[in-house]
Each structure stands twice: as C-alpha cells, then as structure tokens.
Amino acid sequence: MSRKTVRDHVHEDFTWLYFTTIVIILVCATLKPVHSDINRMVRSHHFNTTLNKLADRNLVYLFALWPNDDEFTSYRIDLSTLPPTIVEHAASWIRRVVKHEWLPTEMQFIAMKDWKRRERRVLPRVIAYGVIVDALITEFSLRGYNFQIQDDGKHLGVLIFPVKPNQIASSIEDHITNSISKFFNISPSKLGSIEFTLKHSRIGANEKIYYGDVWCDWDKQKNTSCDAFKSQTWWNHMVVCTDGNFIYLHFDERLPNPNRHPRAISFTTEHNPRF
C-alpha cells in the first residue's frame, strides 16, 4: 500500500470518528434533561415531603417543587415548538411581578407538557386532587440568591433562597414583609396593611416551616362577594411558605391573557391543554 493510500485511509477513519463523536454528543444532549442543580439545597426529603403534604390542603405548594429527572424525561418538550405568544406572555407576567433587578436579561424557560404533578388520592380527611399542567419553568442565580419560577398560565410560583444561608429571621412576619418589599413589584405604601394567616409544621429536629395566606391592602371581612374577588389585583392575596431563610410565594394571575385556558375540574385529573 502506497504512502498516499495509507494517508487517505487514516484521513477517512479520522473523519468518520469525528463525525460519529459529534453525533453521539448531540444525541446525548437531546436525551439528557438539561437543567441546573442550584436548588439542590432545598430539595431535601423533609422539604419535599412537607410541601407535598401542604399541597393536600392547597395545590399551589406543588409549584415550589422542582421536577425530578424522571419528570424531565417524561414531560419536557422543545421550547421552540410553542407559540411565541405563550412564551412572551409568561415572561411579561413574571416581569410584572418580580422586580427587574432580580431577573436575568433573558429568561431561559423549560417547557413541561401534560406534566402530571400528582394523581388523585383519597385520604382519611381530604381528597388530594389530581394535577396535570402545561408549565414554563426557569431557575437561575443572581446577586447572591437562587430563584426558581414556575408558571402554568393560571398560577405563578416563585421560590427564593440565599446562596449562603442567612441567620433565621426572628420574626417570620417581618421576614415575609421584607422579602416581598425586596423582590416584588408591590408599592411600599401597600405593605403597611399586610395581614397574615399562618400555621407551621416541623421539617426537622429544630426546624419549622411556616405557611398560609398573606393579604395585602385587602379587607377579607368586607370583600366577600364574587365581584369583589374579581376586582383583586395580583398582590392583594398571596400564598406563602418559608422557614425564615428561603421563601416561596404564589400569585394568581390577574392580567388579561388570551392564552389562558379554562380551569380543570379539580376533583379529577381533567386537563385542558395550554399548548
């Protein structure tokens, strides 16, 4: 075999090997869920168990739980397949709620389609409703805090915790108020009229998790009619969960949304697709 022939064979083998390697890398990148681990700090067994129990009383606490690898494999879809208006609306809604200095210039969403968050279960004292959603989710680190945001077109859940844990706040109500003032677009003039309805549960030997409702500039004793609730803004009522260090806040979407889909019947796992 001539020197030229050998060189040609080597070149062909190298080209084939290079091409094969690139294909394998691309396939693996497609198959493997791409997401970061910035929220691993709060993905403890106690945290997940407690949040799932709280969700038996109020489904919105599920939006504090990040998908596991199996869920990413089963429900994640290519973001580019979504109508741009849905992504644009989610980004606009988030920017309406969260202060701009606590958001990246561009939010990198992950799309979760037909995401079965929980099966319907009949418990001794309550029915744990089945939940299926189409959601856009994102997580990022910024200025010493980690953020996790989930939006299903009806609800917005925002989980925030410091990269380096702070000293646990002595007053949970002050911690909630200060966090709302720091991270969210709520006028300081409204924060003097906050009311709390909180309970707590233990998540470890010396740790407690506080949860419940926050009413801001809203008299829940007087405003009991359906028309009154229709007039609520997104910050009049929030659902909260905190241990004095991390904080999770849930908001009902109160903006005109042409993409908003009908509510599913909550005692089933009926699903009205969003995308």
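In this text the structure is predicted, and so the values were computed from the model without any measurement. (Residues numbered from 1 in each chain as written. Predicted model: local features only at pLDDT ≥ 70, side-chain atom pairs only at ≥ 80, totals over all residues. Heavy atoms only, no water.)

Novice: I'd like a rundown of the pairing of strand β2 (residues 110-118), residues and numbers included.
Specialist: Of all nine residues in β2, seven are buried, a share of seventy percent or more. For strand β1 (residues 76-77) and β2, the ladder comprises two bridges, and the chain directions are antiparallel. Directly across from Arg76, in β2, lies its bridge partner Met112. As judged from the six bridges shared by β2 and strand β5 (residues 131-142), these two strands associate in the antiparallel manner. By the bridge assignment for β5, Met112 is matched with Ala135. (Buried < 20%, exposed > 50% of the residue type's maximum accessible area, 1.4 Å probe, protein only. Helix = DSSP H or I, 4+ residues; strand = E, 2+ residues; numbered from the N terminus. Pairing = 2+ DSSP bridges.)

Novice: How would you summarise the pattern of salt bridges if you had to cite specific residues and measurements?
Specialist: Per the counting criterion, the structure on display carries seven salt bridges. The partner of Asp151 in a salt bridge is Arg274, and the shortest N-O contact between them spans 2.9 Å. Taken together, the residues Asp151 in strand β6 (residues 145-151) and Arg274 in the segment after β11 (247-252) connect sequence positions 123 residues apart. Between Asp217 and Lys190 there is a salt bridge, and its shortest N-O distance comes to 3.4 Å. Separated by 27 residues along the polypeptide, Asp217 in the loop between β9 (208-216) and α6 (226-230) and Lys190 in the loop between α5 (172-183) and β8 (194-202) bring together distant segments of the chain. Classification of Lys190 as partly exposed rests on a relative accessible area of 26%. Among the charged side chains, a network of salt bridges with common partners joins Lys113, Asp114 and Asp134. (Salt bridge = Lys/Arg side-chain N within 4 Å of Asp/Glu carboxyl O.)

Novice: Before we move on, could you go through the packing of aromatic side chains and cite the residues and values that matter?
Specialist: Going through the model one piece at a time under the given rule, you end up with eleven aromatic pairs. Relative to Phe147, the ring of Phe140 has its centre 5.1 Å away and its plane inclined at 15°; by these criteria the two rings are stacked. By the ring-pair criterion, three or more aromatic residues cluster together here, those being Trp102, Phe140, Tyr145, Phe147 and Phe183. The ring of Phe63 has Arg117 sitting right over it, with the charged end atom 5.5 Å from the ring centre. When the ring centre of Trp115 is taken as reference, the NZ or CZ atom of Arg117 above it lies at 3.8 Å. (Phe/Tyr/Trp six-rings, centres within 6.5 Å; stacked < 30°, edge-to-face > 60°. Lys NZ or Arg CZ within 6 Å of the ring centre and 35° of its normal.)

Novice: Hey, could you go over the side chain of Gln148 for me, with residue numbers and the actual values?
Specialist: Residue placement: Gln148 occurs in strand β6. One polar contact links the side chain of Gln148 to the main-chain carbonyl oxygen of Ala64, over a distance of 3.1 Å. (Polar contact = N/O pair within 3.5 Å; in protein donor to acceptor, adjacent residues only side chain to side chain.)

Novice: So, the environment of Ile172: which residues are in play, and what are the values?
Specialist: Note on placement: Ile172 falls in helix α5. Taking relative accessible area as the criterion, Ile172 reaches 11% and is therefore assigned buried. In this structure the C-alpha to C-alpha distance between Ile172 and Leu198, which are 26 residues apart in sequence, comes to 9.5 Å. Setting aside chain neighbours within four positions, we find Ile172 in contact with Leu198, Tyr210, Thr242, Asp243 and Gly244. (Contact = heavy atoms within 4.5 Å.)

Novice: Can you explain helix α4 (residues 84-97)? Please cite residues and give values.
Specialist: In this model α4 runs 20 Å from its N-terminal to its C-terminal C-alpha over 14 residues, within 8% of the 20 Å that 1.5 Å per residue would give. Within the sequence span of α4, burial applies to Ile86, Val87, His89, Ala90, Ala91, Trp93, Ile94 and Val97. (Expected span 1.5 Å × (residues − 1).)

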